[in-house]
Amino acid sequence: MDFNMKKLASDAGIFFTRAVQFTEEKFGQAEKTELDAQFENLLARADSTKNWTEKILRQTEVLLQPNPSARVEEFLYEKLDRKVPSRVTNGELLAQYMAEAASELGPTTPYGKTLIKVAEAEKRLGAAERDFIHTASINFLTPLRTFLEGDWKTISKERRLLHNRRLDLDACKARLKKAKAAEAKATTVPDFQETRPRNYILSASASALWNDEADKELRVAQTEFDRQAEVTRLLLEGISSTHVNHLRCLHEFVESQTTYYAQCYRHMLDLQKQLGSSQGAIFPGTFVGTTEPASPPLSSTSPTTAAATMPVGPSVAGLAPPGEAALCLEEVAPPASGTRKARVLYDYEAADSSELALLADELITVYSLPGMDPDWLIGERGNKKGKVPVTYLELLS
């Protein structure tokens, strides 16, 4: 191989000079050029951004994939630039087991039918989870990794280069200081001394030449240091743009998470209604409790509250059509037992004369009638009576 010995010797000399300067700074034997306060603040903010981005990235990966072995496997596939194989979610696996159990235990039995219904719901939940993981990985995790593996590596490289330029600058300052001291000493001693070897004392001309050379090296080192400091400063100021980008990604992550939980809510609400109706058919004449999350449309931020249908008496004719409901409701007397108090969770505006308008936090009396839709109850407030939605109520014991 063709080695450039001069370049190799030069690099070795530079490395040795930097090592000496660094060691002397650690022991307090050399002066160190300090960066301005604004630059130090930029460095601190960049380090903080990098550290918290790593923590958020790791914890989000744990949230999306709790299995550490699976995370290690996905990491290896990514490093090898290979496609990560499709993985069955826990919900889909549970759905598979439930479907197999129903097939073996009897799909026509009540237990088997319920297993099939729950399996279908769990399969939909697993599919929703898969979509959420895919969306969150693209819209949130990928930008964070791009910053750590791209922008941050560039910043770190320029910071190391700035550190080396700073060591070179301080070494030149120390060399110039020694040259000036030697020049001052040489001016106080004759140029020629016959009593000692001339190699031990520099002449005034040689000292001046050394001083000029050290001053020239210092100017070059100062120029390179200033140029590198400006490059590094620009990269550090770009952290603000990184924050804006991460903010947008965070909004997208929250949006995908909201969509995921909304889908889960709808799937479980549908399953709950199916199980409630089937349970009423299996156990006729008994009280059927259906715990429904009481909340307005999914865009609301109100908490979920448990609600239950009321006991029903013996089977009678159903309610009249909506057009005649107002007249029938006035004539219907509440059951002797089975009425309960309920607290209204949200304001509700009646759609027609058969419904009762509600105000949040008011207390009303509610009960159920045979043949009613399980999502509705009869509510009474004073001399007013009408249908009220169960999801807007919190039944009190």
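Above this text sits the structure in question.
Residues numbered from 1 in each chain as written. Predicted model: local features only at pLDDT ≥ 70, side-chain atom pairs only at ≥ 80, totals over all residues. Heavy atoms only, no water.

### As for the overall build of the protein chain
Here is step 1 of the chain: Counting its secondary structure elements, the protein chain contains 8 helices and 7 strands.
Here is step 2 of the chain: Considering the protein chain as a whole, with its 397 residues, one finds that 32% of them fall into the buried category.
Here is step 3 of the chain: The long-range fraction of contacts in the protein chain, counting pairs at least 24 apart against all pairs at least 6 apart in sequence, stands at 67%. (Helix = DSSP H or I, 4+ residues; strand = E, 2+ residues; numbered from the N terminus. Buried < 20%, exposed > 50% of the residue type's maximum accessible area, 1.4 Å probe, protein only. Contact = heavy atoms within 4.5 Å.)

### Quick word on the sheet that holds strand β7 (residues 393-395)
Here is step 1 of the chain: With respect to topology, 5 strands assemble into an open sheet ordered β6-β5-β4-β3-β7, the strand pairing being antiparallel. Strands at the two margins of the open sheet, each flanked by one partner only, are β6 (384-389) and β7. Ignoring which end each strand starts from, the neighbouring axes of this sheet average 40° apart.
Here is step 2 of the chain: Here strand β3 (residues 340-344) runs beside strand β4 (residues 363-367); their pairing, made up of 4 bridges, is antiparallel. The residue bridging Arg340 from the neighbouring strand is Val366, located in β4. (Pairing = 2+ DSSP bridges. Axes fitted to C-alpha atoms, helices over the stretch in contact; angles between N-to-C directions.)

### Some points on a nonpolar patch on the surface
Here is step 1 of the chain: Taken together, Val88, Leu93 and Tyr97 make up a surface patch of nonpolar side chains, about 280 Å² in accessible area.
Here is step 2 of the chain: Inspection of the secondary structure assignment puts Leu93 in helix α4 (residues 90-105).
Here is step 3 of the chain: For Leu93, a relative accessible area of 31% puts it in the partly exposed group. (Patch = residues over 30% accessible without salt bridge, like charges linked within 9 Å, V, L, I, M, F, W, Y side chains within 5 Å. Areas by Shrake-Rupley, 256 points an atom, 1.4 Å probe, with all protein chains shown as cover. Salt bridge = Lys/Arg side-chain N within 4 Å of Asp/Glu carboxyl O.)

### Some details on the packing of aromatic side chains
Here is step 1 of the chain: Enumeration according to the criterion identifies 7 aromatic pairs in this entry.
Here is step 2 of the chain: Pairing Phe140 with Phe253 gives two aromatic rings, centres 4.8 Å apart and planes at 25°, and the pair type is stacked. Remark: Phe253 occurs in helix α7 (residues 239-282) and Phe140 occurs in helix α5 (residues 110-187); sequence separation between them is 113 residues.
Here is step 3 of the chain: An aromatic cluster is present here, built from Phe132, Phe140, Phe253, Tyr260 and Tyr261 joined pairwise through their rings.
Here is step 4 of the chain: It is Lys55 that lies over the ring of Trp52; its NZ or CZ is 4.4 Å from the centre. (Phe/Tyr/Trp six-rings, centres within 6.5 Å; stacked < 30°, edge-to-face > 60°. Lys NZ or Arg CZ within 6 Å of the ring centre and 35° of its normal.)

### Some words on the environment of Arg166
Here is step 1 of the chain: Here Arg166 lies in helix α5.
Here is step 2 of the chain: On a C-alpha basis, the gap between Arg166 and Leu35 in space is 9.7 Å, while along the polypeptide they are 131 residues apart.

### With respect to the pairing of strand β5 (residues 376-381)
Here is step 1 of the chain: Alignment of β4 against β5, held across 3 bridges, turns out to be antiparallel. Bridging across to β5, Tyr367 finds its partner in Ile378.
Here is step 2 of the chain: Here 6 bridges tie β5 to β6, and the two strands are oriented antiparallel to one another. Bridged to Leu377 within β6 is Val388.
Here is step 3 of the chain: Joining the antiparallel neighbours β5 and β6 is a turn of 2 residues, in which Gly382 adopts a positive phi near 65°.

### Focus: the side chain of Thr60
Here is step 1 of the chain: On the secondary structure map, Thr60 appears in helix α2 (residues 37-64).
Here is step 2 of the chain: Given a relative accessible area of 8%, Thr60 falls into the buried group.
Here is step 3 of the chain: With residues near it in sequence (within four places) discarded, Thr60 still touches Phe140, Leu141 and Phe253.

### Comments concerning α2
Here is step 1 of the chain: With 28 residues, α2 ought to run about 40 Å at 1.5 Å a step, and its terminal C-alpha atoms sit 40 Å apart, in line with that.
Here is step 2 of the chain: Capping of α2 at its N-terminal end is provided by Asp36; its side-chain oxygen lies 3.2 Å from the backbone amide nitrogen of Gln38. (Expected span 1.5 Å × (residues − 1). Polar contact = N/O pair within 3.5 Å; in protein donor to acceptor, adjacent residues only side chain to side chain.)

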